[in-house]
Each structure stands twice: as structure tokens, then as C-alpha cells.
Amino acid sequence: MAGSSRRPRVLPRTFYDRDTLTVTAGLIGKVLVHRTPQGVAAGAIVETEAYIGESDPACHAAPGPTRRNEPLYGPPGVAYVYFNYGMHHLVNAVTEGRGHPAAVLIRALEPLEGLDLMGRRRAAGGAVPRTAALCRGPGNLTKALGISLSQNRLRLTAPPLSIEDWGLPAPGVVWGPRVGIRVGTDRPWRCWVPGHPCVSGRRGYTNLSHHTNEARLGPG
DNA sequence: CGTTCGATGCACT
DNA sequence: GTGCATCGAACGT
């Protein structure tokens, strides 16, 4: 089998330098990896959302260039991390870029490596979440992987923070409205693996497409 | 099962 | 001063 010798391959910048919805779906099944002195933490991406351009009212680029959203205007393949609600860090992969500000929010991972480390980071005095919940939700996955503003603007095409192809089978995906936003909710730019227990939202199987009328096989 | 609501810090107007 | 690309506990049905 040719695949048996396949080594993890870091996605090149050209992967991100494409239509954002293509990247949004393409990232499903790829692996987000953070290598730190504490150890390696990695998980397969199972849920993403696209934020595209100044005309998208939910995109941070909507007000035009500001100090915070500057990475969106830079080259693709870079991490855009920001701090929200006074306690959560959210990580995006910049796409297109170069004057066309857009990014893919990474919303959930299936934990693959460094589960103990993730559990320690998530517990923080409390109980350790079960495995499926370690990286469920954009705020939870950054905590589990140790991603904060220190990782803002890092290239995703090289360690310590990278997105890689580990040769996992490409899962089927569905599309639906983005969640957690108050504007731009009409755009079906959320992409996820239907029924996957690590997808955010009320329990894994409430995310089956037949429960979400707007869900489709394509973003429209 | 469902919905509401407080925590908490910072970018932006 | 306002409003968050959230989370989880605390409630109501």
C-alpha cells in the first residue's frame, strides 16, 4: 500500500491561497498540531466556518482594516488568533489574503495526540472533560492546544503551529448556517462532519443533517 | 428536554 | 461605553 509510507505532510501555503469555501471544506480531516515545550497536542479538524471579505458582516474585516484584523489582509496560510468574551481565544486560518481579507475559523477537533496534555490544560482545577469534549468548540480547542495571542500571525506551514495531512480518509461533510453570530446568519458557511461526537453544539447526533433543515452537501 | 444568564478583557467608536 | 465568531452552570418545562 502506497499509503503505508506516507509521512505527515504540512499543508503548503498554496492550499490556503484558494477560494475560501474550498479551503473551509478542505480543512476537514486535516490535523491541527501545536508543538510546545510541554509536548505535542494534535487533533483532526471536524468543524469549520468561513468568514469572507469586508462584505460579510460577521467577518472581522467588515469595518475595513484595523489593528486587530490586520492578519486577514496579509498572506494566506497564517494563523489569525483573537481573544473574545474576555476569556476565549479563537484560531483561524487566513485564506486568499493579500487585499482580500478572509479566513476559516476552526471550531472543533477530534483529539489524536497529546490527550493527557489536553486534559491538563482543560481541567485547570476542575474535572477533566471526556475525550470527545476536549476540543469541542473553538474556545475549548485553543485551550486544549495551548493556543493564545502568542500564536497570532504564526505561519501554519511550519512548526510549532501547523496544519498537516496525516493521510486520514476524507470524511463526508455538510453545510449549514454559521453559529454564535448575530449578523450574517443567512450564509451557510459552516462545514462539519455530520454526527461526529466532537462537533460543537448540542450532543454529537443533534448535528445530523436531517435535524438541520438548512444543511446541504454544498454551501449553496 | 429546553432556555437564560453571568463571567471576563479588550478592540473599536 | 458597547459588543462580542463562547462556555457551562443554573434554571424552567
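Residues numbered from 1 in each chain as written. Chains lettered and ligands numbered in written order. Predicted model: local features only at pLDDT ≥ 70, side-chain atom pairs only at ≥ 80, totals over all residues. Heavy atoms only, no water.

Enquirer: Kindly report on the overall build of chain A, identifying the contributing residues and their values.
Expert: Looking only at helices and strands, one finds 4 helices and 10 strands in chain A. Along chain A, from the amino end to the carboxyl end, the secondary structure elements read β-α-α-β-β-β-β-β-α-α-β-β-β-β. Long-range pairs, those at least 24 residues apart, make up 62% of the contacts in chain A with a sequence separation of at least 6. Per element, the accessible surface of chain A, about 10,400 Å² overall, is 54% carbon and sulfur. (Helix = DSSP H or I, 4+ residues; strand = E, 2+ residues; numbered from the N terminus. Contact = heavy atoms within 4.5 Å. Areas by Shrake-Rupley, 256 points an atom, 1.4 Å probe, with all protein chains shown as cover.)

Enquirer: Which residues make up the protein's contact with DNA strand C, and what values go with them?
Expert: Residues in close proximity to DNA strand C total 19 residues, the closest being Tyr82, His88, Asn92, Arg122 and Gly180. Backbone atoms, meaning sugar and phosphate, form 60% of the atoms of DNA strand C found within 4 Å of the protein. Note that a phosphate oxygen of DNA strand C is positioned 3.0 Å from one of the side-chain N or O atoms of His60. A distance of 3.1 Å separates a base oxygen of DNA strand C from a polar atom in the side chain of Asn84. Counting residues per element, the ones that place at least two in the surface near DNA strand C are strand E4 (79-84), strand E5 (88-97), strand E6 (100-113) and helix H4 (138-145). (Near = heavy atom within 4 Å. Polar contact = N/O pair within 3.5 Å; in protein donor to acceptor, adjacent residues only side chain to side chain.)

Enquirer: So what about the protein's contact with DNA strand B? Which residues, and what values?
Expert: Neighbouring residues of DNA strand B: Pro63, Thr66, Arg67, Arg68, Asn69, Phe83, Tyr85, Gly86 and Met87. A share of 62% of the atoms of DNA strand B within 4 Å of the protein falls on sugar and phosphate groups. Gly86 places a polar main-chain atom, nitrogen or oxygen, 3.4 Å from a sugar or linking oxygen of DNA strand B. The residue inventory of the surface near DNA strand B, partitioned by class, reads 4 nonpolar, 3 polar and 2 charged. (Nonpolar A, V, L, I, M, F, W, Y, C, P; charged D, E, K, R; others polar.)

Enquirer: So, the layout of surface pockets: which residues are in play, and what are the values?
Expert: Estimated volume of the largest pocket: approximately 520 Å³. If you trace the largest pocket, you find 24 residues lining it, with Tyr82, Asn84, Leu90, Gly180 and Ile181 closest to the centre. Elements represented by at least two residues in the lining of the largest pocket include exactly strand E3 (39-52), E4, E5, E6 and H4. Taken together, the residues that form the lining of the largest pocket break down as 14 nonpolar, 7 polar and 3 charged. (1 Å grid on protein atoms, 1.4 Å probe; cavity = no way out; pocket = protein on both sides within 12 Å on 5 of 7 lines; lining within 4 Å. Points joined across faces, edges and corners; volume = space filled by probe spheres on them.)

Enquirer: Describe the nonpolar core, listing the residues and the values that go with them.
Expert: Formed by 43 residues in total, the largest nonpolar core has its most connected members in Tyr16, Leu27, Leu32, Leu145 and Ile163. Excluding its chain neighbours within four sequence positions, the residues that come into contact with Ile163 are Arg9, Val10, Leu11, Tyr16, Leu27, Lys30, Val31, Leu32, Ile45, Ala93, Ile106 and Leu156. Core analysis: the second largest hydrophobic core is formed by 13 residues, Cys59, Val78, Tyr80 and Ala103 among them. (Core = buried A, V, L, I, M, F, W, Y, C linked by side-chain atoms within 4.5 Å. Buried < 20%, exposed > 50% of the residue type's maximum accessible area, 1.4 Å probe, protein only.)

Enquirer: Before we move on, can you summarise the pairing of E4 with the specific residues and values?
Expert: Two strands pair when backbone bridges link them, and E4 and E5 are joined in this way by 6 bridges, in the antiparallel orientation. Pairing of Val81 across the sheet is with Val91, part of E5. In textbook terms, the turn of a hairpin is the stretch between consecutive antiparallel strands, and for E4 and E5 this stretch comprises 3 residues, one of which, Tyr85, has a positive phi near 55°. (Pairing = 2+ DSSP bridges.)

Enquirer: Outline the environment of Phe83, listing residues and values.
Expert: Considering the arrangement of structural elements, one finds Phe83 in strand E4. Given the relative accessible area of 40%, Phe83 is considered partly exposed. Between the C-alpha atoms of Phe83 and Ser148, which are 65 residues apart in sequence, the distance is 7.8 Å.

Enquirer: Break down the confidence of the model for chain A for me, citing the residues and quoting the values.
Expert: Per-residue confidence for chain A gives a mean pLDDT of 91; residues scoring 70 or more make up 90%. Low confidence marks residues 203-214, where pLDDT is under 50. Its contacts with residues over four positions away, or in another chain, come to 25 contacts. (pLDDT = per-residue confidence, 0-100.)

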